Amino acid sequence: MDALRLIEISRHALAQSRSVPETVAEAWQAQALAQAIGSRLAASGPAELRGEARGLGEIGGRGCGVLDHPMVRSGGVRAAQLTEVADPEAVLTGLNVLLGEVGIALVAVACATDDEGLYWQCIETIDAADESSDRVRGMLRRLAEHEHERPPEAVRGRAGPERPVAEMDSAAGAP
């Protein structure tokens, strides 16, 4: 399944989480997805992203280190369905939004709990999501820089006009 679709599914599942265990499980699912996307981009993404992508994969792995959670086991790890990252910029943008939503959801859980263990799990996962988000933003900057370095024709995905502009204007009936 394409990464963008998995991000959409994850955002929806997080938004629909009604209990603390569901919210925590969805946060772990998001970190597992960040890990999978990072690993995929490190292996076969744009060359300018590979170093940062490896870091994202490592951070995502730390953030989802507690994957023996019952909610995760019952539905499996969603990130295992990842088959492609067709549009790295769109995927990274969507992943950044998801990680922000995870942070917000976990802050709410951490503030509402009396369970010290759960509190610290939330804090650790918030830190991992924040660090993952930093990596994602770094990759987005690298993509933007790379876009600016390419000639305009390559950015638009075409070679530009084959005839001089003046010839095209006269052919189109322009004065």
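Sequence order sets the numbering: in each chain, residues are counted from 1 along the sequence as written. Thresholds applied to this predicted model are a pLDDT of at least 70 for local features of residues and 80 or more for the giving and counting of side-chain atom pairs; totals over whole chains, interfaces and linings are not thresholded and use all residues. Based on all heavy atoms of the structure, the side-chain values leave hydrogens and waters out of the count.

Draft legend 1. Expanded view of the overall build of the protein. Broken down by element type, the protein carries eight helices and zero strands. Sequence-ordered secondary structure for the protein, helices as α and strands as β, is α-α-α-α-α-α-α-α. When accessible area is computed with a 1.4 Å probe and restricted to protein chains, residues below 20% of their type maximum are described as buried, those above 50% as exposed, and intermediate ones as partly exposed. Split into buried and exposed, the 175 residues of the protein put 39% on the buried side. Contacts: residue pairs with any heavy atoms within 4.5 Å of one another. Considering only intrachain contacts with a sequence separation of at least 6, the fraction spanning at least 24 residues in the protein is 77%. Only carbon and sulfur atoms are counted for the fraction: they give 52% of the accessible area of the protein, which is about 9,600 Å². Helix and strand assignments follow DSSP, with helices taken as H or I runs no shorter than four residues and strands as E runs no shorter than two, numbered in order from the N terminus. Accessible surface is estimated by sampling points in the Shrake-Rupley manner with a 1.4 Å probe; for residues, cover comes only from the protein chains shown.

Draft legend 2. Structural view of the nonpolar core. Counting residues in hydrophobic clusters, the biggest one holds 39 residues, and the most contacted among them are Ile37, Leu92, Leu95, Leu98, Val102 and Val136. For this core, the elements supplying multiple residues, two or more each, are helix 1 (3–16), helix 2 (20–44), helix 3 (50–63), helix 5 (88–112) and helix 6 (116–149). Among the elements that make up this core, the one with the highest residue count is helix 2 (eleven residues). Side-chain atoms within 4.5 Å link the members of a nonpolar core, which is a set of buried Ala, Val, Leu, Ile, Met, Phe, Trp, Tyr and Cys residues.

Draft legend 3. Structural view of the environment of alanine 25. Relative to the assigned elements, alanine 25 resides in helix 2. Overall, alanine 25 belongs to the buried group, its relative accessible area being 3%. The spatial distance from the C-alpha of alanine 25 to the C-alpha of alanine 13 is 9.9 Å, given a sequence separation of twelve residues.

Draft legend 4. Looking closely at helix 1. Any helix carries an expected span of 1.5 Å times its number of residues minus one. Taking 1.5 Å per residue, 14 residues should reach 20 Å; helix 1 reaches 20 Å between its end C-alpha atoms and fits that length. Restricting attention to buried positions, one finds in helix 1 the residues Ala3, Leu6, Ile7, Ser10, Ala13 and Leu14. Burial along helix 1 is one-sided: seen end-on, the buried residues are contained in an arc of 130°. Considering only its buried residues, helix 1 is in contact with helix 2 and helix 5. Within 3.5 Å is the distance limit for a polar contact, defined as a pair of N or O atoms, with the added protein rule that one can donate a hydrogen and the other accept it, and that residues adjacent in sequence qualify only through two side-chain atoms. Of the residues flanking the start of helix 1, the one acting as N-cap is aspartate 2, its side-chain oxygen 3.1 Å from the backbone nitrogen of leucine 4. To be clear, the arc concerns the directions from the helix axis to the C-beta atoms.

Draft legend 5. Looking closely at the environment of serine 132. Inspection of the secondary structure assignment puts serine 132 in helix 6. Assessed through its relative accessible area of 0%, serine 132 is described here as buried. Through-space distance from the C-alpha of serine 132 to that of glycine 100 is 9.9 Å; in sequence the pair is 32 residues apart. At 3.4 Å, the side chain of serine 132 and the side chain of glutamine 31 are in polar contact.

Draft legend 6. Quick look at the packing of helix 2 against helix 5. Running from amino to carboxyl end, helix 2 crosses helix 5 at an angle of 155°, the nearest separation of the two axes being 10 Å. Relative to helix 5, helix 2 is oriented roughly antiparallel. Both helix 2 and helix 5 take part in a crossing whose hand is left-handed. Contacts from Val20, Thr23, Val24, Ala27, Ala30, Gln31, Leu33, Ala34, Ile37 and Leu41 of helix 2 reach helix 5 at Pro88, Val91, Leu92, Leu95, Leu98, Leu99, Val102, Ala105, Leu106 and Val109. Its residues assigned to classes, the contact of helix 2 with helix 5 comprises 18 nonpolar, two polar and no charged. Working convention: axes come from line fits to C-alpha atoms, limited for helices to the stretch in contact. Angles between N-to-C directions cover 0 to 180 degrees. By definition in this entry, angles of less than 35 degrees are roughly parallel, angles greater than 145 are roughly antiparallel, angles of 65 to 115 are roughly perpendicular, and the rest are oblique. Crossings are sorted by hand: turned counterclockwise from the far helix by less than a right angle, the near helix makes the crossing left-handed, and turned clockwise it makes it right-handed. Side-chain classes are defined by residue name, with Ala, Val, Leu, Ile, Met, Phe, Trp, Tyr, Cys and Pro counting as nonpolar, Asp, Glu, Lys and Arg as charged, and the others, Gly among them, as polar.

Draft legend 7. Representation of the side chain of aspartate 2. By secondary structure assignment, the location of aspartate 2 is in the segment before helix 1. Side-chain polar atoms of aspartate 2 contact the backbone nitrogen of alanine 86, separated by 3.4 Å. Apart from residues no more than four positions distant in its own chain, aspartate 2 is found in contact with Leu82, Thr83, Glu84, Val85 and Ala86.

Draft legend 8. A look at the confidence of the model for the protein. The quantity called pLDDT is the predictor's confidence in a given residue, expressed from 0 to 100. In this model, the protein carries an average pLDDT of 83, and 75% of its residues clear a pLDDT of 70 or more. Of all helices and strands in the protein, the one with the weakest mean pLDDT is helix 8 (residues 165–171) (48), whereas helix 1 scores best (97). Confidence over residues 158–172 falls short of pLDDT 50; this stretch has seven contacts with residues more than four positions distant or in other chains.

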